[in-house]
Amino acid sequence: MRDKTQTNSAAPGDRLVRAGAVVFFIGALATLVTVAPLLLGTTPFPTYMFGLSMLMAVGFLMAGAGVLRSVAAGRCQARAGR
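Cut-offs applied
Residues numbered from 1 in each chain as written. Predicted model: local features only at pLDDT ≥ 70, side-chain atom pairs only at ≥ 80, totals over all residues. Heavy atoms only, no water. Phe/Tyr/Trp six-rings, centres within 6.5 Å; stacked < 30°, edge-to-face > 60°. Buried < 20%, exposed > 50% of the residue type's maximum accessible area, 1.4 Å probe, protein only. Helix = DSSP H or I, 4+ residues; strand = E, 2+ residues; numbered from the N terminus. Contact = heavy atoms within 4.5 Å. Expected span 1.5 Å × (residues − 1). Patch = residues over 30% accessible without salt bridge, like charges linked within 9 Å, V, L, I, M, F, W, Y side chains within 5 Å. Areas by Shrake-Rupley, 256 points an atom, 1.4 Å probe, with all protein chains shown as cover. Salt bridge = Lys/Arg side-chain N within 4 Å of Asp/Glu carboxyl O.

Now for the packing of aromatic side chains. Under the counting rule described, the total for this entry stands at one aromatic pair. Measuring from centroid to centroid gives 5.7 Å for Phe-24 and Phe-25, while their planes differ by 80 degrees, and the two rings are edge-to-face. On the basis of relative accessible area, Phe-24 is assigned to the partly exposed category, the value being 27%. Owing to a relative accessible area of 58%, Phe-25 belongs among the exposed residues under this scheme.

Note that Pro-44 resides in the loop between α1 (14-40) and α2 (47-52). Sequence spacing of Pro-44 and Thr-34 is ten residues, and the spatial spacing of their C-alpha atoms is 7.4 Å. Not counting the four nearest positions on each side in its chain, Pro-44 is found in contact with Pro-37 and Leu-38.

For helix α3 (residues 55-81), with 27 residues, the first-to-last C-alpha span of 39 Å sits near the 39 Å given by 1.5 Å per residue. Where α3 is concerned, the buried positions are Gly-59, Ala-63 and Gly-66. Turning to α3, the residues buried within the fold contact α1.

With that out of the way, let us pick up a nonpolar patch on the surface. Residues Leu-29, Val-33 and Phe-45 make up a contiguous nonpolar surface patch of roughly 250 Å² in combined accessible area. By secondary structure assignment, the location of Phe-45 is in the loop between α1 and α2. For Phe-45, a relative accessible area of 33% gives the class partly exposed.

Everything listed here is a matter of coordinates, which is why it stays silent on function.
This is the structure:
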């Protein structure tokens, strides 16, 4: 019996993982921009820029939540298939 799931269909949690990846990379870019003046010896950015660096952690948590949601949906689907 062939699997009925399309290869291009979105599973639960996929959008959350993608959004988390985007937020993570924005936070990583903000971290690089914030740390660069400290390494180059120039005037550092204001403290709110360090807050933008926390987007990296937020994106990581979002992506992790998406993975957990996808795992939970897979478990429910497996239980229904029995």
